[in-house]
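Geometric and topological summary
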Amino acid sequence: MRGVDPAWLPDEVFRPIGTRRTVIRGSGPLVDTVHGELAAACARYGGAVSREPEAHELLLELDGSLGPDDSEGFTYERGAGRATVTASGARGLLYGFFHVVRLGEEAFLGEPVRETHRPAVGLRMLDHWDNVAVHPVMGQVERGYAGGSLFWEDGRARGDLERVAAYGRLLASCGINAVAVNNVNVHEAEARLLTDRIGEVAELARAFRPYGIRTHLSVTFAAPIVLGGLATADPLDPEVRAWWAAATARVHEAIPDFGGYVVKADSEGQPGPFAYGRTHADGANLLAAALEPYGGTVHWRAFVYDHHQDWRDRTTDRARAAYDHFTPLDGEFAANAVLQVKHGPMDFQVREPVSPLIGAMPGTRLAVELQATQEYTGQQRHVCWLGPMWSEVLRFEPEEGASVGELARGGLVAVSNVGDDPFWTGHPLAQANLYTFGRLAWRPDAEAGGILDEWIGLTFGAEAAEAAAGVRAVMAGSWRTYEKYTAPLGVGFMVQPGHHYGPNVDGYEYSPWGTYHFADRDGVGVDRSVASGTGYAGQYGKRWAEVYETVASCPDELLLFFHHVPYGHVLKSGKTVIQHIYDTHFEGVDEVAEARREWDALAGVVDPVRHARVAELFGEQLRSAREWRDQINSYFFRKSGVPDERGRTIC
Ligand code: GCV
């Protein structure tokens, strides 16, 4: 196999810069990074880069006259064949440089413009669920579908910092500025990264720093016990507080620009403040206090629910849990504590409503968590470009005039989809999810389709003009296609328990995890209305509470998430629920077959190694899509006894 794939930064995209004369003004490590990029591009393509004022077509200028500046914005100006990027902070210069790279020739040749760019969201972070030691069930990377970890191997740091630096470069080029380097399920080896193994984290931080990326660490709430030998981890205990303060001081000594902690507490078996009769705010504030002297932040996850539920108890609803746990604590979190909320109330299904917690805690800084790793969306064996879903989520307005993107004051976070796979993401086209996340985190109201085109233009370099229409046809609708052949109308899950790949309609139906569809001979769906169900719909502000409350006003795509309806219920589309299930499952498979044909037609146009890899994966996607179609359709045919009105074979 050849070396590591350049993803969206093949040499070719640096040609417009590398053939020109550039002047770069300013000093500091990030300016050196940009200088290094320019020098490499010029060495390849014959241009020149200078730090002295000289004749040039590109000027990159850091105006550091006001001293060190962490701001990330830049001004880009173009006219008469020349381009200028000006920034007051070094990160701004780095992002301005990559802006010019993205524009290509147009950066120099288009109509005169003067634009100011700055990110709408300050923290744009990737969380890695990477285990230091291989976990017996979850492996090296929990929910990882791209090989091993970039950071860890068999209990040790891999030490391949070149690969980490290359990753940092890719991330910086799409605007990501923070990385958490270990799993939120913190086992023993990971726990020690906080103390005696902090040097390994510091090495990673050193590799990320030249790309403006701060390093964060997942920690266990029980650290004072498991690492410090204390008898308690009670957040109000003075010894515990002193332990965290001292541990954090040592972290800061090793990593002066340390970003902070990520914590999964009282969730799926992880320890937390409940054991001491304390609240999540008590827990988060303990770590916030330890980080505060160094400007660090604690990201406290809101993914808290009962995973030992009695499935016969129809009153308990997992979807309600985050809101019920956290809204009473609004206003109690420290200024440097961020509550990190999954975008939906359940767990990264292909379709969920937006979590009602977002917008319900005005006195708390919230970060919104997305999932780039395709746990429930095809596990990087299926093409599933998530841009349209994320865009819908980020544009959703819990209240009139305030979108999720705007309410995410504490940042946008995605669970990373990379590993040590030569293509980074297992499925080569899954690289687009990483890129799209970075660009949407920078501008949550950006058009997802425009980002896809940008990604295609960069990734396919010289081949892009010929390949663009075909690649777009394969990817643009792939999320909706995936939705069509999997769980219908927002009901979710129906996956194989444990690994979550492939269909199993009742896989979680009689289990303690709280993820049910309640299909019986008459109908399907979960009644989450206030009038007759779990009351979940009432957790939204008035406008959405009313929309979701009734079958008549609930959007089709979320109907079975909010309501239990008969199979003969007629959707807004005019179809019955049962016919919709049959039709979408046939359509979904047809669409995969069509996408495969589109991809096959790109043979000889796109790079053959990439082509072969995707072609092979399409074989599996089609097999799996058929399996989904047949199991879901047969299941509902057998439950309902209603035949397909188009007479297709359903056993
Ligand atoms: C890291 C889901 C996943 C778990 C994951 C968890 C979380 O339950 O299946 O693997 O654990 O979400 O987000 O904490």
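Note that this is a predicted model, so its numbers are computed, not measured. (Residues numbered from 1 in each chain as written. Predicted model: local features only at pLDDT ≥ 70, side-chain atom pairs only at ≥ 80, totals over all residues. Heavy atoms only, no water.)

So, the overall build of the protein
For clarity, the threshold we go by: Here a helix means four or more residues in a row that DSSP labels H or I, a strand means two or more in a row labelled E, and each is numbered from the N terminus. Only the C-alpha atoms count toward the radius of gyration. The rule for a globule is 2.2 Å times the residue count to the power 0.38. Three labels apply to residues, based on accessible area from a 1.4 Å probe with only protein chains included: buried if under 20% of the type maximum, exposed if over 50%, partly exposed otherwise in between. Residue contacts are counted whenever heavy atoms from the two residues lie within 4.5 Å of one another.
What the protein contains, in helices and strands, is 21 helices and 20 strands. Taking 2.2 N^0.38 as the reference for a compact globule, 651 residues should give roughly 26 Å; the C-alpha atoms of the protein span a radius of gyration of 25 Å, in line with that estimate. Structurally, the protein occupies a C-alpha span of about 80 × 65 × 50 Å along its principal axes. Counting all 651 residues of the protein, 60% fall into the buried class. A fraction of 72% describes how many contacts in the protein between residues 6 or more apart in sequence connect residues 24 or more apart.

Section: the layout of surface pockets
To locate leftover empty space, one rolls a probe as large as a water molecule over the atoms. The condition is simple: Computed over the protein atoms alone on a 1 Å grid, cavities are sets of points where a 1.4 Å probe fits but cannot get out and pockets are open sets with protein on both sides within 12 Å along at least five of seven lines; a residue lines them when it has an atom within 4 Å of a point. Grid points are joined across faces, edges and corners, and a volume is the space filled by probe spheres set on the points. Residues are grouped as follows: nonpolar covers Ala, Val, Leu, Ile, Met, Phe, Trp, Tyr, Cys and Pro; charged covers Asp, Glu, Lys and Arg; every other residue, Gly included, is treated as polar. An automatic or database domain assignment supplies the start and end points of every domain.
The calculated volume of the largest pocket comes to roughly 610 Å³. His99, Arg102, Leu103, Arg439 and Glu454 are the residues nearest the centre of the largest pocket, which is lined by 30 residues in total. The set of elements that each furnish at least two residues to the lining of the largest pocket consists of α3 (90–103), β6 (113–117), α5 (161–173), α14 (431–442) and α15 (448–459). Here the lining of the largest pocket takes six residues from α3, the largest share from any one element. For the lining of the largest pocket, the per-class residue count stands at 13 nonpolar, nine polar and eight charged. When residues of the lining of the largest pocket are assigned to domains, at least three fall in each of domain 1 (11–117) and domain 2 (126–459). In this model, the second largest pocket occupies a volume close to 500 Å³. As for the second largest pocket, its lining consists of 30 residues, and the residues nearest its centre are Met138, Glu142, Arg143, Glu268 and Trp513. Residues belonging to the lining of the second largest pocket are distributed by class as follows: eleven nonpolar, ten polar and nine charged.

Observations regarding the nonpolar core
This is how it is decided: In plain words, nonpolar cores are sets of buried Ala, Val, Leu, Ile, Met, Phe, Trp, Tyr and Cys residues tied together by side-chain atoms within 4.5 Å.
Trp244, Tyr261 and Trp455 are the most contacted members of the largest nonpolar core, which has 201 residues in total. When residues of this core are assigned to their parent elements, the largest contribution, ten residues, is made by helix α20 (residues 577–600). Other than its neighbours up to four places away in sequence, Tyr261 contacts Leu194, Leu217, Val219, Trp244, Thr248, Val251, Leu287, Leu291, Thr297, Val298 and His299.

Regarding empty space enclosed by the protein
Within the structure shown, the criterion is met by seven cavities of 30 Å³ or more. Surrounding the largest cavity, 13 residues form its lining, Ala302, Phe303, Ala322, Gly344 and Pro345 being those nearest its centre. For the lining of the largest cavity, the secondary structure elements donating two or more residues are α11 (321–326) and β16 (337–342). Across the lining of the largest cavity, the residue classes tally to nine nonpolar, two polar and two charged. Considered as a void within the structure, the second largest cavity measures approximately 70 Å³ in volume. Contributing to the lining of the second largest cavity are Gln349, Val350, Tyr376, Tyr482, Thr486, Ala487, Gly492, Phe493, Val495 and Trp628.

Here's the deal with the sheet that holds strand β5 (residues 82–87)
To keep it simple, the criterion reads: Should DSSP find at least two bridges between two strands, the strands are taken to pair. Angles run from 0 to 180 degrees between N-to-C directions of axes, and those axes are lines fitted to C-alpha atoms, restricted for helices to the stretch in contact.
Within the open sheet, the six strands sit side by side as β2-β1-β3-β5-β4-β6. Their pairing is mixed. What marks the edges here is a single partner per strand, and that holds for β2 (48–50) and β6. Strand-to-strand twist across the sheet, computed as the mean angle between neighbouring axes with direction ignored, equals 15 degrees. As paired elements, strand β4 (residues 74–79) and β5 share five bridges and run antiparallel to each other. In the strand pairing of β5, Tyr76 is matched with Val85. On the sheet, α3 packs against β1 (21–25), β3 (58–62), β4, β5 and β6 and is oriented at approximately 40 degrees with respect to β4.

Side note on the side chain of His563
Following the sequence through the fold, His563 ends up in the loop between α19 (559–562) and β20 (565–566). You can call His563 buried: its relative accessible area is 4%. Filtering out sequence-adjacent residues up to four positions away, His563 remains in contact with Val524, Gly525, Val526, Asp527, Ser529, Tyr548, Glu549, Thr550, Val551 and Cys554.

Some points on the environment of Glu397
Structurally, Glu397 can be placed in the loop between α12 (387–395) and α13 (404–407). Sequence separation between Glu397 and Ala441 is 44 residues; the distance between their C-alpha atoms is 17 Å.

Some words on the pattern of salt bridges
The following threshold applies: Only one rule defines a salt bridge in this text: a Lys or Arg side-chain nitrogen within 4 Å of an Asp or Glu carboxyl oxygen.
Enumeration according to the criterion identifies 46 salt bridges in this entry. Between Glu200 and Arg197 there is a salt bridge, with the nearest N and O atoms lying 2.7 Å from each other. Overall, the relative accessible area of 11% leaves Arg197 in the buried class. A salt bridge links Glu591 to Lys484, with the shortest nitrogen-to-oxygen separation between them at 2.6 Å. Of this pair, Glu591 sits in helix α20 while Lys484 sits in helix α17 (residues 478–485), and the two are 107 residues apart along the sequence. For Lys484, a relative accessible area of 22% corresponds to the partly exposed category. Salt bridges linked by common partners bring Lys575, Asp583, Asp644, Arg646 and Arg648 together as one network.

Things to note about the site of the ligand
Inclusion rule: Proximity is defined per residue: any heavy atom of the residue falling within 4 Å of a molecule or strand makes that residue near it. Definition of a polar contact: a pair of N or O atoms within 3.5 Å, with one able to donate and the other able to accept a hydrogen when the atoms are protein atoms, and with sequence-neighbouring residues admitted only if both atoms are side-chain atoms.
Lining the immediate environment of the ligand, one finds 14 residues, of which Glu142, Lys264, Arg301, Lys342 and Glu375 sit closest. Arg143 is positioned with one of its side-chain polar atoms (N or O) 2.9 Å from an oxygen atom of the ligand. Residue Glu375 places a side-chain N or O atom 2.6 Å away from an oxygen atom belonging to the ligand. Its residues assigned to classes, the shell around the ligand comprises three nonpolar, three polar and eight charged.

Structural notes on α15
For clarity, the cut-off: Between the first and last residue of a helix there are one fewer steps than residues, each counted as 1.5 Å, and that sum is the expected span. Along the arc lie the directions from the helix axis toward the C-beta atoms.
If you check α15, its first and last C-alpha atoms are 16 Å apart, about what twelve residues at 1.5 Å a residue would give, namely 16 Å. Buried within α15 are the following residues: Ala448, Ile451, Leu452, Trp455, Ile456, Leu458 and Thr459. Angularly, the buried residues of α15 cover 170 degrees about the axis, an arc narrow enough to put them on a single face. Packed against the buried residues of α15 are α3, α12, α14, α16 (464–475) and α21 (608–640).

Focus on the packing of α14 against α15
In a packed pair of helices, the relevant descriptors are the angle between the two axes and the axis-to-axis distance. For clarity, the threshold we go by: Throughout, the term roughly parallel applies to angles under 35 degrees, roughly antiparallel to angles over 145, roughly perpendicular to angles from 65 to 115, and oblique to all others. The hand of a helix crossing depends on one turn: near helix anticlockwise from the far one by less than a right angle means left-handed, and clockwise means right-handed.
Between α14 and α15, the least distance of the axes is 10 Å, while the angle of their chain directions is 125 degrees. The orientation of α14 with respect to α15, classified from their angle, is oblique. Between α14 and α15 lies a crossing whose hand is right-handed. Facing α14, whose interface residues are Gln431, Ala432, Tyr435, Thr436, Arg439 and Leu440, α15 presents Ile451, Glu454, Trp455, Leu458 and Thr459. For the contact of α14 with α15, a count of residues per class yields six nonpolar, three polar and two charged.

A look at the domain arrangement of the protein
Which entries qualify depends on this criterion: By definition, the buried area sums, over both parts, the 1.4 Å-probe accessible area that each loses when the two are put together.
Here the protein is described as being made up of domain 1 (11–117), domain 2 (126–459) and domain 3 (483–526 + 564–640). Put simply, the middle of domain 2 and the middle of domain 3, counted by C-alpha atoms, are 28 Å apart. Across the boundary between the two partners, domain 2 contributes 31 residues, which contact 30 residues of domain 3. Taken together, the two surfaces of domain 2 and domain 3 that pack against each other cover about 2,700 Å², and 59% of this comes from carbon and sulfur. Inspection of the domain 2/domain 3 interface yields two salt bridges. For Arg613, the salt bridge goes to Asp421, with nearest N and O atoms at 2.5 Å. Along the contact surface separating domain 2 from domain 3 lie 16 residue pairs in polar contact (both at pLDDT 80 or more). Classifying every residue of the side of domain 2 that touches domain 3 gives nine nonpolar, twelve polar and ten charged.

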